[in-house]
Amino acid sequence: RRRPHGGGGDDEEGVSAQPSSSSKLAVPPVAAAPWRREKRATSKGSRTSLNSDAKRDQKASRKMYTYRTLSRLVECTATCPVAIILLALVAVFFFFRGIITDIALDQGYPQIFQPGHNQVLEKELNSQFTTVSSLSGKRPKMSGPVCRAEKITDSAVGEPCLLNWCDSKGRPAGKEDFGYCSRGPTIFVNKTDPTKTVRQDIGFGTEGCGTVLVHTRLVSDAAGTAIADEWLDGWKAKVLEMTSENMNHVDWFGGFDVHQIDTVILEDWESGSAQASTLYQTDTLRAYVTGRGKVGPFCEIDSICSFGPDLCHVSGWQTAGEYNVSSALQTVSSQTVSFSPSSLITTTTWIMTPPPPEDLRRRLGAKGYVQASVAESAQIMVTIVFGIWAPSTTPLVGAQPVPWKFDERFDAENPWAQRAISRMCTDFPRELKVTWAECWVDRFQRWLENKDRRFPSRTLETDLAEWRALGNANPEDLFVIDGKLRSCRMNLWGDVSVHASNSAILAYMDQWKDYITMRNNEASLTGNAAWHASSVWVKEEAKHLITSSTADTILIECSISWFGILLFTGDPVLSFLVMFLIIANIGGLAFFMTTV
């Protein structure tokens, strides 16, 4: 401090080395001013500058981290430039070589479908077709009526048949060398005037007929002429027997001839399995009284004879004898080939999907049940559903957009859909251990049989309404809207306990999944989207997911902890010690969670 005037001393200005006790330390006002200003600014709420400073510091810190990372990357690159250049050259060489040589990656189908699935066989089937620049001659018909093979007298009326069809029936055992014929009722042809003809069914007799015309078709894998050589004499005798009430002679117009008509499909109506054979038309046989001549009134009889593996069966017709044609049938190979686009031309016998009849033909009672070893109350109940689409995944966040909806492809009126429902509830594999099945379709089928109606039903809506009105159906099994069956379910019980281990129940669930997939692959488009559900599946899948996710979490946590501590300390022993402590901690938590 400045000395007072007259205080003595040589210096004009100085600092007292030994101040008196009465002197005080004077703080300059300018030293306290910055602190007061900063405090005043803060107290007034001006924190914007502080926030901006903090953000600026964070940005600078991130930039510094980026610089350091890039610097280390540059250092690593600088230490091994030759290796990086070589890798780049190899990659460039491989890419350009692939472009020049037109390398194609694997374009085959992934093994997610069964070997016989249409997606797998697409290329194989396409390879059997060829592309032509132009179609010469008459273009083949792409549409037309499908006629019943036995409708001979009606086939000349209207548009020509594109395909012939009949209901098949199995050949009697031990009769492989025989053919079987059947005949329809006698039709009395009454010409009231030259422009009008009245056709009247008079049963299976020939009373009142002056001349009987017998129209015959042959269904055979062998040549029609070869069959006729062995069959004709016996058939003439049978025709004479059928008309013996007032006829005594049989002949035909001109020379007897057999000509091929087209392909005929023999379909087992219950199973849907079908075979193709060849349909032949023979000349018309005439039965009349000798001496009186071929005079009216005229009557007509339609008949059909089968010489293939299956017989053409016509409901309401009478059998017309069996005929040994072993020599003609020996020329036909007994081997049946799978269907392919060219087989309709190169062979006379082919199998349409689904698989052979012996695997699909269902007889009531032959279901494949097993004897129950688990109490009924402890058995797993599985529900099979048709006609409802349900999502297979759950969104990570939020509700399911469409929880369920009707399957628009499901069409219960289609016979193939009814067959798919019926097959799903029969011939169970032994590994499913099915002890009982509650299937509405079985009860419905028995009811149709008692009514002398066929299953599948062509009038399902009417038949189902009549059946439900009798109280035969469980309302929970059928979802009917406006008389139309939109969806249905079936309940089945398996001989596996609901208290079995998690792995055993999940393995059993996979077996059901395989069975449903197999049946869906066999079914047509109108009934191939069935799925199964069970409350036991939900519980066991949740238990499995919780267990597996917990194990994954523990493994990830231990691995990250070990590598993290090793990275920061460089001591693997310490890392293992810490990891063991973490495992002990998790084990203790798990122990108390499961035991307390």
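I will try to describe carefully the structure that is included in this document. Per chain, residues are indexed from 1 in the order of the written sequence. In keeping with the model being predicted, local features are shown solely for residues with a pLDDT of at least 70 and side-chain atom pairs are shown and tallied solely at 80 or more, while totals for entire chains, interfaces and linings include all residues. Values reported for side chains reflect all heavy atoms of the structure, with hydrogen atoms and water molecules removed beforehand.

## Some words on the pairing of strand β6 (residues 211–220)
(1) Moving on: A simple rule labels every residue: compare its accessible area, found with a 1.4 Å probe on the protein chains alone, to the largest value its type can have, and call it buried under 20%, exposed over 50%, or partly exposed in between. Helix and strand definitions follow DSSP, with helices as H or I runs of at least four residues and strands as E runs of at least two, each counted in order from the N terminus. Across the 10 residues of β6, 10 count as buried, placing the element largely inside the fold.
(2) Moving on: Burial along β6 is two-sided: Thr-211, Leu-213, His-215, Arg-217 and Val-219 and Val-212, Val-214, Thr-216, Leu-218 and Ser-220, pointing in opposite directions, are all buried.
(3) Moving on: Here a strand pair is declared whenever DSSP counts at least two bridges between the two strands. The sheet contact formed by β6 and strand β11 (residues 298–306) spans 9 bridges and is parallel. Note on β11: the bridge partner recorded for His-215 is Asp-302.

## Overview of the state of the cysteines
A covalent bond bridging the sulfur atoms of two cysteines is what the word disulfide describes.
(1) Moving on: Pairs of cysteine sulfur atoms within 2.5 Å are identified as disulfides in what follows. For the structure on display, the rule yields 4 disulfides.
(2) Moving on: Covalent S-S linkage joins Cys-425 and Cys-439, the inter-sulfur distance amounting to 1.4 Å. The sign of the S-S torsion, about 40 degrees, decides the handedness of the disulfide formed by Cys-425 and Cys-439: right-handed. Remark: Cys-439 occurs in the loop between β19 (434–438) and α10 (440–450) and Cys-425 occurs in the loop between α9 (415–424) and β19; sequence separation between them is 14 residues. The pair Cys-425 / Cys-439 is uniform in exposure class, with both members buried.
(3) Moving on: With no disulfide of its own, Cys-488 lies 9.8 Å from the sulfur of Cys-439, the closest cysteine sulfur.

## What to know about the pattern of salt bridges
(1) Moving on: Salt bridges are defined as contacts in which a side-chain nitrogen from Lys or Arg sits within 4 Å of a carboxyl oxygen from Asp or Glu. The final tally for this structure, using the stated rule, is 16 salt bridges.
(2) Moving on: Taking the shortest distance from any N to any O, the salt bridge between Arg-286 and Asp-251 comes out at 3.3 Å. Taken together, the residues Arg-286 in strand β10 (residues 285–288) and Asp-251 in strand β7 (residues 249–252) connect sequence positions 35 residues apart.
(3) Moving on: Under the relative-accessibility criterion, Asp-251 is labelled buried at 17%.
(4) Moving on: Here Glu-466 ties to Arg-453 by a salt bridge, and the two come within 3.3 Å at their closest N and O atoms. Within this pair, whereas Glu-466 is found in helix α11 (residues 460–469), its partner Arg-453 is found in the loop between α10 and α11, the two being separated by 13 residues in sequence.
(5) Moving on: Residue Glu-466 is classed as partly exposed on the basis of its relative accessible area of 30%.
(6) Moving on: Salt bridges sharing partners connect three or more residues here, namely Arg-453, Asp-463 and Glu-466.

## Topic: the nonpolar core
(1) Moving on: In terms of nonpolar packing, the biggest core is built from 41 residues, with Trp-440, Met-490 and Trp-512 touching the most fellow members.
(2) Moving on: Mapped onto this core, the elements with two or more residues apiece are β16 (379–386), α9, β19, α10, α11, β21 (484–497), α12 (502–522) and α13 (535–569).
(3) Moving on: Considering every element that reaches this core, the biggest residue donor is α12, with 7 residues.
(4) Moving on: Ranked by size, the runner-up nonpolar core spans 28 residues in total, among them Ala-222, Ala-228, Tyr-280 and Phe-307. What is meant by a nonpolar core is a set of buried Ala, Val, Leu, Ile, Met, Phe, Trp, Tyr and Cys residues, joined one to another through side-chain atoms within 4.5 Å.

## Thoughts on the packing of α10 against α11
When two helices pack together, you describe them by how their axes are tilted relative to each other and by the distance separating the axes.
(1) Moving on: Every axis in this analysis is a line fitted to C-alpha atoms, fitted for helices over the stretch in contact. Angles between the N-to-C directions lie between 0 and 180 degrees. Where α10 meets α11, the closest approach of the two axes is 11 Å, and the angle between their N-to-C directions is 95 degrees. With respect to α11, the element α10 is oriented roughly perpendicular. Facing α10, whose interface residues are Trp-440, Arg-443, Phe-444, Trp-447 and Leu-448, α11 presents Leu-460, Asp-463, Leu-464, Glu-466 and Trp-467.
(2) Moving on: By the convention adopted, Pro, Cys, Tyr, Trp, Phe, Met, Ile, Leu, Val and Ala count as nonpolar, Lys, Arg, Asp and Glu as charged, and the other residues, Gly among them, as polar. Here the residues of the contact of α10 with α11 sort into 7 nonpolar, no polar and 3 charged. An angle below 35 degrees is treated as roughly parallel, one above 145 as roughly antiparallel, one from 65 to 115 as roughly perpendicular, and anything else as oblique. Whether two residues touch is decided by their heavy atoms; if any such pair falls within 4.5 Å, the residues are in contact.

## Brief notes about the environment of Phe-386
(1) Moving on: Within the secondary structure, Phe-386 sits in strand β16.
(2) Moving on: Given a relative accessible area of 1%, Phe-386 falls into the buried group.
(3) Moving on: In sequence terms Phe-386 and His-532 are 146 residues apart; their C-alpha atoms lie 9.2 Å from each other.
(4) Moving on: Residues in contact with Phe-386, not counting those within four places in the same chain, are Phe-410, Ala-420, Ile-421, Met-424, Ser-487, Cys-488, Met-490, Gly-527 and Ala-530.

## With respect to the packing of α12 against α13
(1) Moving on: The N-to-C vectors of α12 and α13 enclose an angle of 125 degrees; their axes lie 10 Å apart at closest approach. As far as their axial angle goes, α13 and α12 are oblique. Pair α12 / α13 crosses with left-handed handedness. Counting all contacts with α12, which are made through Asn-502, Ile-505, Leu-506, Tyr-508, Met-509 and Trp-512, the residues of α13 involved are Val-536, Trp-537, Glu-540, Glu-541, Lys-543 and His-544. Here a crossing is taken to be left-handed if its near helix is turned anticlockwise relative to the far helix by less than a right angle, and right-handed if that turn runs clockwise.

## So, the environment of Ser-377
(1) Moving on: Counting through the fold element by element, Ser-377 comes out in the loop between α8 (357–360) and β16.
(2) Moving on: Taking relative accessible area as the criterion, Ser-377 reaches 74% and is therefore assigned exposed.
(3) Moving on: Considering only alpha carbons, one finds Ser-377 and Trp-493, 116 residues apart in sequence, at a separation of 10.0 Å.

## With respect to the packing of aromatic side chains
(1) Moving on: Any Phe, Tyr or Trp ring, taking Trp's six-membered ring, that has another such ring centre within 6.5 Å forms a pair; planes under 30 degrees apart are called stacked, those over 60 apart edge-to-face, and the others tilted. What the rule picks out here adds up to 18 aromatic pairs.
(2) Moving on: When the ring of Trp-235 is compared with that of Tyr-323, the centres are 6.3 Å apart and the planes differ by 75 degrees; the resulting orientation is edge-to-face. Here Trp-235, found in helix α5 (residues 224–242), pairs with Tyr-323, found in strand β13 (residues 318–324); they are 88 residues apart in sequence, far enough to count as distant. Note on accessibility: Trp-235 and Tyr-323 belong to one class, buried.
(3) Moving on: Between Tyr-508 and Trp-537, the aromatic rings sit 6.1 Å apart at their centres with planes inclined by 65 degrees, giving edge-to-face as the arrangement. In this pair, Tyr-508 sits in helix α12 while Trp-537 sits in helix α13, placing the two residues 29 residues apart along the sequence. With respect to class, Tyr-508 is no different from Trp-537; both count as buried.
(4) Moving on: Every member of this aromatic cluster is reached through a ring pair, and the members are Tyr-369, Phe-428, Trp-436, Tyr-508, Trp-512, Tyr-515 and Trp-537.
(5) Moving on: A cation sits over an aromatic face here: Lys-405 above Trp-389, 5.2 Å from the ring centre. Criterion for a charge above a ring: Arg CZ or Lys NZ at most 6 Å from the ring centre, at most 35 degrees from the ring normal.

## Considerations on unusual backbone geometry
(1) Moving on: Put simply, Phe-455 and Pro-456 share a cis peptide bond, and its omega is 0 degrees.
(2) Moving on: Within the fold, Pro-456 resides in the loop between α10 and α11.
(3) Moving on: Its identity as a non-glycine residue notwithstanding, Asp-427 has a phi of 50 degrees, on the positive side.
(4) Moving on: Given a relative accessible area of 28%, Asp-427 falls into the partly exposed group.
(5) Moving on: Residues other than glycine seldom take positive phi values, yet Asp-482 does so here, at roughly 55 degrees.
(6) Moving on: Position of Asp-482 relative to the elements: it lies in the loop between β20 (478–481) and β21.

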